[in-house]
Amino acid sequence: MSAAAANDAILVAENIAVRYDTAEGPVTAVDDVSFEVKPGEFLSVIGPSGCGKSTLFNVIGGLLGQHQGVVSVAGETISGPHKSIGMVFQEESTFPWRTVIDNVGFPLELVGMPKAKRAERARYFIKMVGLDGFENRYPGELSGGMRQRVSLARTLASEPKILLMDEPFAALDEQTRLLLGDKVLQIQQQLKQTTLLITHNITEAVQMSDRILVMTYRPGKVKRIVDINLPRPRNSEIVGSEAFGRYVAQIWNDLREEASRGMKDAEQSALHGGETQ
Amino acid sequence: MAETGRLTHTRAATSAANPVLLMRIALVLALLTIWELLARSGWLYRDVVPSLFKVGAAVMELLSNGDYYFNLGVTAAEIGVALLIGGLSGIAIGLLLGANRFLARAYEPFLYYLGPTPKIIFFPVMIMWFGVGPESKIALGTLSCFFPVALSVAAGMRQIDKVLIRVGTSFRATIAQMVFKIYLPAMRHPIINGVRLGFGFALIGTLLAETKLSNKGIGFLIIQAYSTFDMPRMYAMLIVLFVLAFCVNAAIGRLGGLETIKRT
Amino acid sequence: MTSVSTPAHVAQNPYNAQILGWGSIVVFLLAAEGLIRLGFISQFIVPPPSEIAVSFGRLVAEEHIIRRFFYTVGECLAAGAMITVCGVAVGVLLARYNLLRQACETWVAALASAPFVLAYPLFMVIFGRNAWAIIVMGFVSGLPPVILKTIEGISGTRRVLVNVGRSFNLSGTQQVWKILFPAALPTIFVGIRLGLVFALINIVGTEFLINFGGLGQLIADLAERYDLAGTYAAICFVILVSIVFFVTLEQIERWLRPVD
């Protein structure tokens, strides 16, 4: 298996499985998921709610210790948060008590970078996400979209080999989301950043990705991997094109089945007194 | 809970500010007048309620007396040390209990139920352990302020936005970095509130101990005034004390960015 | 989630935590007993726990600790009654007349954290060294929370209930007594509980300080007589009483809370 992985994949996930015990018995959140990400590639993982994609996010990020299978970055197995992997979370995660520049400089502070260099590096990434001029503002003074950009800049500042994002735009409105998606694409193309995006939004996934991994409903398995052969560089204008529409339809087809299984499940548990979860 | 139509009118229209101010002035004047009348009526034993002028004079005398400042310094130092020891240990224990649910279930109930108990009754034990000097007062102040600080910090820990912790973990912060760069700043409000409470309790504990047994400090001066029946002086000291306590309380709150006086 | 975690199988058993908690106390007491008996800690500063436990019997028989207990409780009940009547009355008044409320509420809030007990020598002067000084001290320290919670309870009533009253043409005062007040009772009781707790703490403290009264005085007395074991035992007893008092009030409050 590792011989085949020598097609210089930078991130390899092998047979990832996550099982845990609940009051109602053992639950398998993720079941035997394997995939690879090549350097510079943009891979999206898409699935219905409850398919375990956030669990997968936590496993790859090293925040979830109890799992089966192996995650390796550039050949090195991961056991815990790794310096090659940068995470951007779904929720508001900027530190409200730090200014923008202090937020972005946070990972650099942790490794002891001297102050001047830190400021310079932070400013570079602040500019990259389009927030120059806001260095000395507090997150409380910014909009939700701007705060997510700060979180993104903060993670980018640690210059990870792999950028791992868990539905970073979920809390934003559609227009902001599309524009931010543009920004992320721009950055990714500029930095040639390997990116793994977890999302439930098909449009977003097709807009940004080179490949899309479609997951089944719980227990989450890989249903299909779709190559997105849309020309690069891309931006949100591509959303209107015919090829785009076809990809979206294809993926929705796969997802619809899984999503309705998820809905039925939710109805069942509500019927039985809603004691699950 | 239905948001529709609570009776509370919390916004005071700016045009209503004036009547409120007038009402306050009226109330204060009324109280002061009643006081002065009582003082002059001869109803109560001489000087139990002294004339406001006598009290005012006593305050002036107090504030210009070097001896007073010496004793104030002694008390302030005792409270400071008590707050330092009690506050730091309270924060440390609070952090531990907030971080670990199991330990919290094991030990926090003890803190919670021992909190609202009178600590001054421990003073004889403190004297036995630490002697009759300032150490026993500091010990009592420490005991008094430890509980509210520990409980506030433990509760504050549990209210931290969990995602901030995951951010730190994802950047592989060390424990020290997590504590100083994430936990403590995220908890600045509960910590400040805990310290305010702690200050209040340390103040009470230390001062009461001084009134019971000491030869220095504000508490000592208060008892001295009592035993010489120098009532204007006692009132003066109590007034200055309450004003100082109020100011320190407000200053701590301002430090934490909290503008208004909050009840816990 | 954090770096300080317990093994899952240990943490999940609900009784393990309590075993750890109480067990620690038992271990601590045994260790204390051992260290003191072996001379590592002077028994003239800390008597062995066993001796403290034994002297409790003496406190019951010779020092009339039970009688003193009822004396202190009596003071608390007196203060409690005064707190309830005055506190609720003032609270209702402030809730009813908005101008008064806006003027006074922050003052009362400031008073809630004011260290009244420091003025006990003053109370001694005014009332003499007797039970009244103690009761009034309890009253003064327990009053602010009752007022504040009464205001909060009454002004927090749902609008629809108020409108029901309006539809029956109730006057302002009737409104207060027939609708707002009953709806506010659970919150008011929270205030009374807080007030009682402050009152008890300050009553016992004052008894100790002025050397008069029930339990507080007992501790001061025993300390003065250098009855070490007795002093420790009395302190333990008072702490126990406070805890039981607090727990009981919590239970009552829980029982009174509406199914809201």
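One structure accompanies this document, and this report is about it. (Residues numbered from 1 in each chain as written. Chains lettered and ligands numbered in written order. Predicted model: local features only at pLDDT ≥ 70, side-chain atom pairs only at ≥ 80, totals over all residues. Heavy atoms only, no water.)

1. Quick look at the overall build of chain A
A tally of helices and strands in chain A yields eight helices and 10 strands. Relative to the 2.2 N^0.38 estimate, which gives 19 Å for 277 residues, the radius of gyration of chain A is 19 Å and therefore close to what a compact globule would have. Oriented by its inertia axes, the alpha-carbon framework of chain A measures out at about 55 × 50 × 45 Å. Taken over 277 residues, chain A has a buried fraction of 51%. Of the roughly 12800 Å² of accessible surface on chain A, a fraction of 51% belongs to carbon and sulfur atoms. (Helix = DSSP H or I, 4+ residues; strand = E, 2+ residues; numbered from the N terminus. Rg over C-alpha atoms; globule rule 2.2 N^0.38 Å. Buried < 20%, exposed > 50% of the residue type's maximum accessible area, 1.4 Å probe, protein only. Areas by Shrake-Rupley, 256 points an atom, 1.4 Å probe, with all protein chains shown as cover.)

2. Some thoughts on the interface of chain B and chain A
Counting residues at the interface gives 16 residues for chain B, matched by 22 residues for chain A. Between chain B and chain A, a total of about 1700 Å² is buried, with carbon and sulfur atoms accounting for 69% of that surface. Linking chain B with chain A are two salt bridges, by the criterion used here. Among the ionic pairs, A:Glu109 bridges to B:Lys181, the shortest N-O distance being 2.6 Å. Where chain B meets chain A, there are four residue pairs in polar contact (both at pLDDT 80 or more). Where the side of chain B that touches chain A is concerned, the elements lending two or more residues are α7 (162-170) and α8 (175-186) of chain B. Take the side of chain B that touches chain A: its biggest share by element is six residues, from α7(B). Here the residues of the side of chain B that touches chain A are counted per class, giving eight nonpolar, three polar and five charged. (Contact = heavy atoms within 4.5 Å. Buried area = accessible area lost by both parts, 1.4 Å probe. Salt bridge = Lys/Arg side-chain N within 4 Å of Asp/Glu carboxyl O. Polar contact = N/O pair within 3.5 Å; in protein donor to acceptor, adjacent residues only side chain to side chain. Nonpolar A, V, L, I, M, F, W, Y, C, P; charged D, E, K, R; others polar.)

3. Digging into the interface of chain B and chain C
Contacts between the two partners involve 61 residues from chain B, matched on the other side by 76 residues from chain C. Interface area for chain B against chain C, summed over the two sides, is near 6100 Å², with a carbon-plus-sulfur share of 76%. Taken together, chain B and chain C are joined by zero salt bridges. Along the contact surface separating chain B from chain C lie 10 residue pairs in polar contact (both at pLDDT 80 or more). In terms of residues, the side of chain B that touches chain C owes the most to one element, helix α4 (residues 101-114) of chain B, which gives nine residues.

4. Section: the packing of α4(B) against helix α2 (residues 14-37) of chain C
The N-to-C vectors of α4(B) and α2(C) enclose an angle of 50°; their axes lie 8 Å apart at closest approach. As summarised for this structure, α4(B) and α2(C) are arranged oblique, according to the angle between their axes. In this structure, α4(B) crosses over α2(C), and the sense of that crossing is right-handed. When α4(B) is examined against α2(C), the residues B:Phe102, B:Leu103, B:Arg105, B:Ala106, B:Tyr107 and B:Phe110 are found in contact with a partner set consisting of C:Asn16, C:Ala17, C:Leu20, C:Gly21, C:Trp22, C:Ser24 and C:Ile25. Each residue belonging to the contact of α4(B) with α2(C) can be placed in one class, and the counts come to nine nonpolar, three polar and one charged. (Axes fitted to C-alpha atoms, helices over the stretch in contact; angles between N-to-C directions. Parallel < 35°, antiparallel > 145°, perpendicular 65-115°, else oblique. Left-handed = near helix turned anticlockwise from the far one by under 90°.)

5. Some points on the arrangement of the chains
The structure contains two pairs of chains in contact, of which chains B and C account for the largest number of contacts. There is a clear gap between chain A and chain C: no contact, and 8 Å between their nearest C-alpha atoms.

6. Some remarks on the environment of B:Glu135
Considering the arrangement of structural elements, one finds B:Glu135 in helix α6 (residues 134-158). Taking the relative accessible area as the measure of exposure, B:Glu135 reaches 44% and is therefore partly exposed.

7. A look at the pattern of salt bridges
A side chain with one charge can pair with a side chain of the opposite charge if their charged atoms come near. All names here are of chain B. Throughout the structure, instances matching the rule amount to 29 salt bridges over all chains. One salt bridge in this structure joins glutamate 61 and arginine 233, with 3.8 Å as the shortest N-O distance. You can see glutamate 61 sitting in helix α2 (residues 52-63) and its partner arginine 233 sitting in helix α11 (residues 231-255), a full 172 residues away along the chain. On the accessibility criterion, glutamate 61 (41% relative accessible area) is partly exposed.

8. Here we look at empty space enclosed by the protein
Residues and elements named next belong to chain A. Evaluation of the coordinates by the stated rule reveals three cavities of 30 Å³ or more. Lining the largest cavity are Val88, Gln148, Arg149, Leu152, Met165, Pro168, Phe169, Leu180, Lys183 and Val184. When contributions to the lining of the largest cavity are tallied by element, the ones reaching two or more residues are α5 (144-157) and α6 (174-191). A class-by-class count of the residues in the lining of the largest cavity yields seven nonpolar, one polar and two charged. Along its surface, the second largest cavity is lined by Leu152, Leu156, Leu163, Val184, Ile187, Gln188, Gln193 and Thr195. Elements with a contribution of two residues or more to the lining of the second largest cavity: α5 and α6. If one sorts the elements of the lining of the second largest cavity by residue count, α6 sits on top with three residues. (1 Å grid on protein atoms, 1.4 Å probe; cavity = no way out; pocket = protein on both sides within 12 Å on 5 of 7 lines; lining within 4 Å. Points joined across faces, edges and corners; volume = space filled by probe spheres on them.)

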